[in-house]
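Remarks on the overall topology
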Amino acid sequence: MRPVARIESSLTDRATAPKQGDEGAPPSRLVFAHEFAPAAADVRPGDRLVLLTWLHEADRDVQAVHPRGDRNRPSTGVFSTRSPDRPNPIGLHTVTVTAVEGTTLTVTGLEAIDGTPVLDVKPVLGEVAER
């Protein structure tokens, strides 16, 4: 796999980043590699997108966690959680585009830390009649 973009964010530390994008994540930027400019050419402010990221700081040996890091909760297999630590640390994020400048998108709702590689971008689908 090759990343199509990278995240630029004020979030630099996993430990202090929000667990999910709707839990206080600051605006972030997706900076596309120039070779993928045509693939991002039709994205507009207001679009909702699904991002697939590679959680590059994840521990790939983890198979069970205490959800949200709360030791009072029982250990749970990572496939039943949204933990970034997992065998194949692929992140799934729904974001809203607020600005487009060339090959850079500004988005809200993204908890990924600075430097996170973006593997793919897909639109959030509307109702069947809108497709």
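Before reading on, note that the structure itself is shown above.
So, here is what we can say about the structure in this document.

Criteria and cut-off values
Residues numbered from 1 in each chain as written. Predicted model: local features only at pLDDT ≥ 70, side-chain atom pairs only at ≥ 80, totals over all residues. Heavy atoms only, no water. Helix = DSSP H or I, 4+ residues; strand = E, 2+ residues; numbered from the N terminus. Buried < 20%, exposed > 50% of the residue type's maximum accessible area, 1.4 Å probe, protein only. Core = buried A, V, L, I, M, F, W, Y, C linked by side-chain atoms within 4.5 Å. Contact = heavy atoms within 4.5 Å. Salt bridge = Lys/Arg side-chain N within 4 Å of Asp/Glu carboxyl O.

Description of unusual backbone geometry
The backbone of Arg68 sits at a positive phi, close to 60°, despite the residue not being glycine. Topologically, Arg68 is positioned in the loop between strand E4 (64-65) and strand E5 (76-77). Of the residues examined, Arg68 reaches a relative accessible area of 47% and is grouped as partly exposed.

Comments concerning the nonpolar core
Membership of the largest hydrophobic core comes to 17 residues, with the highest contact counts inside it found for Leu30, Phe32, Leu49, Leu105, Val107 and Leu110. Looking at this core, the elements with two or more residues in it are strand E1 (5-8), strand E2 (28-32), strand E3 (48-54), strand E6 (90-101) and strand E7 (104-108). For Leu49, the residues in contact, after removing those within four places along its chain, are Val43, His93, Thr94, Val95, Val97, Leu105, Val121, Lys122, Pro123 and Val124.

Structural notes on the pattern of salt bridges
All told, the structure shown has four salt bridges when counted by the stated rule. The salt bridge partner of Glu35 is Arg2, with a shortest N-O separation of 3.3 Å. Of the two residues, Glu35 is situated in the loop between E2 and helix H1 (37-40) and Arg2 in the segment before E1; the sequence distance between them amounts to 33 residues. This pair shows no difference in class: Glu35 is exposed, exactly as Arg2 is. Measuring nitrogen to oxygen at the nearest pair gives 3.4 Å for the salt bridge that ties Asp120 to Lys122. A residue is classified by how much of its surface remains accessible, and Lys122, at 43% relative accessible area, is partly exposed.

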